[in-house]
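So you can see what is in the structure, the chains are spelled out below.
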Amino acid sequence: MPLRADSPPATADVRRFTPLQRWIHRTTALLMGICVVTAACLYVPQLAELVGRRALVVTLHQWAGLALPVPVLAGLASRAFRADLGRLNRFGPHDRTWLRAALHRDKRRTSRPAAKFNAGQKLYASWIAGATLVMLATGLMMWFTHLTPLLWRTSATFVHDWLALTIGIVLAGHIGMALADPESRRGMRTGRVSREWADREHPLWRQ
């Protein structure tokens, strides 16, 4: 049966992200990177001695952390971004299948069905969003010391420090997985991916 004239060729690229969505990702990544690097400079003695200028590092850390939610909040004006947030926030039977396959190290493509985002990406997005809110709340308690009792500030410092370490580890894993998938990086860099990759990695995604 001949293809219709308006049917896209099987090898055509498909749009995965809009320019605004890519801007949100890049800006958030930049702010998160500043938070992680400045935190390392504040807590690792060797880096603290190498960089110096502790007051400047603290200021950069505070304002980058305060600005971290801004790109996402600005992106709520985009219908495409809100739609993707809905997809990330919705788990279906295929996501449970994906997670079971991941836990059992089953790497067969047929055992890991995914829509636009797979279950791992959904879990990461949910976790990093929650962790960011906790870091923001505890950071504000540490910054504005007169607003909360000493016990609260001590607890906030404990949570902030250990959660920061956890975020660093999770981010390293996120970056490592991105480095292992050039087509996924291309999608975030240019907004487009190959139809073959989309059909293979995200067979339930309807572009």
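Residues numbered from 1 in each chain as written. Predicted model: local features only at pLDDT ≥ 70, side-chain atom pairs only at ≥ 80, totals over all residues. Heavy atoms only, no water.

## Considering helix 8 (residues 150-179)
Taking 1.5 Å per residue, 30 residues should reach 44 Å; helix 8 reaches 43 Å between its end C-alpha atoms and fits that length. Within the sequence span of helix 8, burial applies to Ala156, His160, Leu163, Ile167 and Leu171. Tucked inside the fold, the buried residues of helix 8 contact helix 1 (19-43), helix 3 (54-67) and helix 7 (119-143). (Helix = DSSP H or I, 4+ residues; strand = E, 2+ residues; numbered from the N terminus. Expected span 1.5 Å × (residues − 1). Buried < 20%, exposed > 50% of the residue type's maximum accessible area, 1.4 Å probe, protein only. Contact = heavy atoms within 4.5 Å.)

## So, the nonpolar core
Membership of the largest hydrophobic core is limited to 11 residues, which are Leu31, Met32, Cys35, Ala64, Leu68, Ile128, Ala131, Met135, Leu163, Ile167 and Leu171. Excluding residues within four positions of it along the chain, Leu68 makes contact with Thr28, Leu31, Met32 and Thr132. Core analysis: the second largest hydrophobic core is formed by 5 residues, Val193, Trp197, Ala198 and Trp205 among them. (Core = buried A, V, L, I, M, F, W, Y, C linked by side-chain atoms within 4.5 Å.)

## Digging into the pattern of salt bridges
On inspection of all chains with the given rule, the structure shows 8 salt bridges. Two residues, Arg200 and Glu196, come together in a salt bridge whose shortest N-O distance is 2.6 Å. Of the two residues, Arg200 and Glu196 are both situated in helix 10 (residues 195-201); the distance of 4 residues between them amounts to about one turn of the helix. For Glu196, a relative accessible area of 47% translates into the label partly exposed. Put simply, Glu201 and Arg200 hold a salt bridge, and the shortest N to O gap is 3.3 Å. By relative accessible area, which is 18% here, Glu201 ends up buried. Sharing partners across several salt bridges, the network here consists of Asp13, Glu183 and Arg186. (Salt bridge = Lys/Arg side-chain N within 4 Å of Asp/Glu carboxyl O.)

## Here we look at the packing of helix 3 against helix 7
Relative to each other, helix 3 and helix 7 sit at 140°, their axes nearing to 10 Å. As the angle between them shows, helix 3 and helix 7 are arranged oblique. Considering the relative orientation of helix 3 and helix 7, their crossing is left-handed. The segment helix 3 lies against helix 7, with Gln62, Trp63, Gly65 and Leu66 engaging Leu136, Leu140 and Trp143. For the contact of helix 3 with helix 7, a count of residues per class yields 5 nonpolar, 2 polar and no charged. (Axes fitted to C-alpha atoms, helices over the stretch in contact; angles between N-to-C directions. Parallel < 35°, antiparallel > 145°, perpendicular 65-115°, else oblique. Left-handed = near helix turned anticlockwise from the far one by under 90°. Nonpolar A, V, L, I, M, F, W, Y, C, P; charged D, E, K, R; others polar.)

## So, helix 1
Across its 25 residues, helix 1 extends 36 Å between first and last C-alpha, which sits within 8% of the 36 Å expected from 1.5 Å per residue. Those residues of helix 1 that fall on the buried side of the exposure criterion are Gln21, Arg22, Ile24, Leu31, Met32, Cys35, Thr38, Ala39, Cys41 and Leu42.

## Details of the environment of Arg112
Within the secondary structure layout, Arg112 lies in the loop between helix 6 (93-103) and helix 7. Sequence spacing of Arg112 and His160 is 48 residues, and the spatial spacing of their C-alpha atoms is 35 Å. Excluding its chain neighbours within four sequence positions, the residues that come into contact with Arg112 are Trp98, Ala101, Ala102, Arg105, Asp106 and Lys107. Looking at Arg112, its side chain comes within polar contact range of the main-chain oxygen of Asp106, at 2.8 Å. (Polar contact = N/O pair within 3.5 Å; in protein donor to acceptor, adjacent residues only side chain to side chain.)

## Points about the side chain of Lys116
With respect to the helices, strands and loops of the structure, Lys116 is situated in the loop between helix 6 and helix 7. Beyond its immediate chain neighbours, meaning those up to four positions away, Lys116 contacts Arg16, Phe17, Asp84, Arg87, Gln121, His202 and Trp205.

## Here's the deal with the packing of aromatic side chains
Evaluation of the coordinates by the stated rule reveals 4 aromatic pairs. Between Phe158 and Trp162, the ring centres sit 6.5 Å apart and the planes meet at 50°, which makes this aromatic pair tilted. With a gap of 4 residues between them, Phe158 and Trp162 both fall in helix 8, about one helical turn apart. Judged by relative accessible area, which is 51%, Trp162 ranks as exposed. Sitting over the ring of Trp205, Arg16 keeps its end group 5.1 Å from the ring centre. (Phe/Tyr/Trp six-rings, centres within 6.5 Å; stacked < 30°, edge-to-face > 60°. Lys NZ or Arg CZ within 6 Å of the ring centre and 35° of its normal.)

## What to know about the environment of Leu163
Topologically, Leu163 is positioned in helix 8. On the basis of relative accessibility, which here comes to 16%, the residue Leu163 falls in the buried class. In this structure the C-alpha to C-alpha distance between Leu163 and Leu133, which are 30 residues apart in sequence, comes to 11 Å.

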